[in-house]
Structures are given as structure tokens and as C-alpha cells.
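Reading the structure
The lines below spell out each chain.
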Amino acid sequence: MARSRGTTPTRRCPGCGTTLITQWVGRVAALRVTAATTPITPREEAELRTPNRLTWCLVTGPHRAPELRSRCPSRACTHTVVIEHHCQPEPTTLF
């Protein structure tokens, strides 16, 4: 049975409450990506991106579902840039 490549509806992270989008990205060797929907700046991208935490282009439009794509190589694209979600829940006080 073929697996759907579409996005799942946005949802909230149970740990920190961030709005997330999950989607298969790529055509041949697809990656299952869960990214925060909050856009990041180029400075934040430089600080937060690591080999294990990638950035993605979030392509949107008035008549299309949001779509995650591999980051444009030119870095001069006009897409919204988002980053893979790594949950850092807010600390709780035990007392």
C-alpha cells in the first residue's frame, strides 16, 4: 500500500506547546520531518542549525496546503524558513 506524502494537520507539541507540521520531504529517499511552523530569521538559522537539526523551506499559498521542502541552496529564496523541532519543555517546579 502506498503511503500518503501529504501533510498531517498542524498539531501542538505535548511537551512545549509549539505548533508543528509533520510531512515526508523528498521523492526518492524521503525524510519524515516534524518542524515548528514559526518562521526563523537568518541569524537564528545560523545559530540553531546543526547536522542533526536541519532547516526547511515552508511553501504556502492561498490555494495550496503548506508544503515542507529542502532548503533552497541559494539562501536568497523568498520562502518561509522553519527549523526541525527538538522539544525543550518548560521547566516545572516540584515544590
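In case you missed it, the structure is sitting above this.
One structure accompanies this document, and this report is about it. (Residues numbered from 1 in each chain as written. Predicted model: local features only at pLDDT ≥ 70, side-chain atom pairs only at ≥ 80, totals over all residues. Heavy atoms only, no water.)

**Quick look at the nonpolar core**
Generally speaking, nonpolar side chains in soluble globular proteins are found buried as a group. The test is simple: Only buried residues count toward a nonpolar core. Its members are Ala, Val, Leu, Ile, Met, Phe, Trp, Tyr and Cys residues joined through side-chain atoms within 4.5 Å. When a residue's accessible area, from a 1.4 Å probe over protein chains only, is under 20% of the maximum for its type it is buried; when over 50% it is exposed; and in between it is partly exposed. Only DSSP runs of H or I covering at least 4 residues are called helices, and only runs of E covering at least 2 are called strands; the numbering of each starts at the N terminus.
Counting 8 residues, the largest nonpolar core consists of Ile21, Val25, Val33, Ala35, Trp56, Leu58, Leu68 and Val82. Among the elements of the structure, strand 2 (19–25), strand 3 (31–36) and strand 4 (55–61) are those that each provide at least two residues to this core.

**Examining the side chain of threonine 55**
The following threshold applies: By the criterion applied in these results, polar contacts are pairs of N or O atoms within 3.5 Å in which, for protein atoms, one can donate a hydrogen and the other can accept it, and in which residues neighboring in sequence qualify only through two side-chain atoms. The criterion used for residue contact is that any of the two residues' heavy atoms lie within 4.5 Å.
Its location among the elements puts threonine 55 in strand 4. Polar side-chain contacts of threonine 55 include one of 2.8 Å to the side chain of glutamate 45. If near-sequence neighbours (up to four positions away) are discounted, threonine 55 is found in contact with Ile40, Glu45, Arg49, Arg71, Val81, Val82 and Ile83.

**A short note on the pairing of strand 3**
Look at any regular strand and the pattern is simple: side chains alternate between the two faces of the sheet. Using the following cut-off: For two strands to pair, DSSP has to find at least two bridges joining them.
In this structure, strand 2 lies alongside strand 3, joined through 6 bridges in antiparallel fashion. Within the sheet, the bridge partner assigned to isoleucine 21 lies in strand 3 and is alanine 35. The antiparallel pairing of strand 2 with strand 3 creates a hairpin that spans 5 residues between the two strands, and glycine 26 there sits at a positive phi of about 110 degrees.

**Let's talk about the sheet that holds strand 2**
Reading across the sheet, the 3 strands line up as 1-2-3 and stay open at both edges, with antiparallel pairing between neighbours. A strand with exactly one partner marks an edge of an open sheet, and here the two such strands are strand 1 (11–12) and strand 3. In the sheet, strand 1 pairs with strand 2 via 2 bridges, with the strands oriented antiparallel. Directly across from arginine 12, in strand 2, lies its bridge partner threonine 19.

These values are about where atoms sit, not about what they do.
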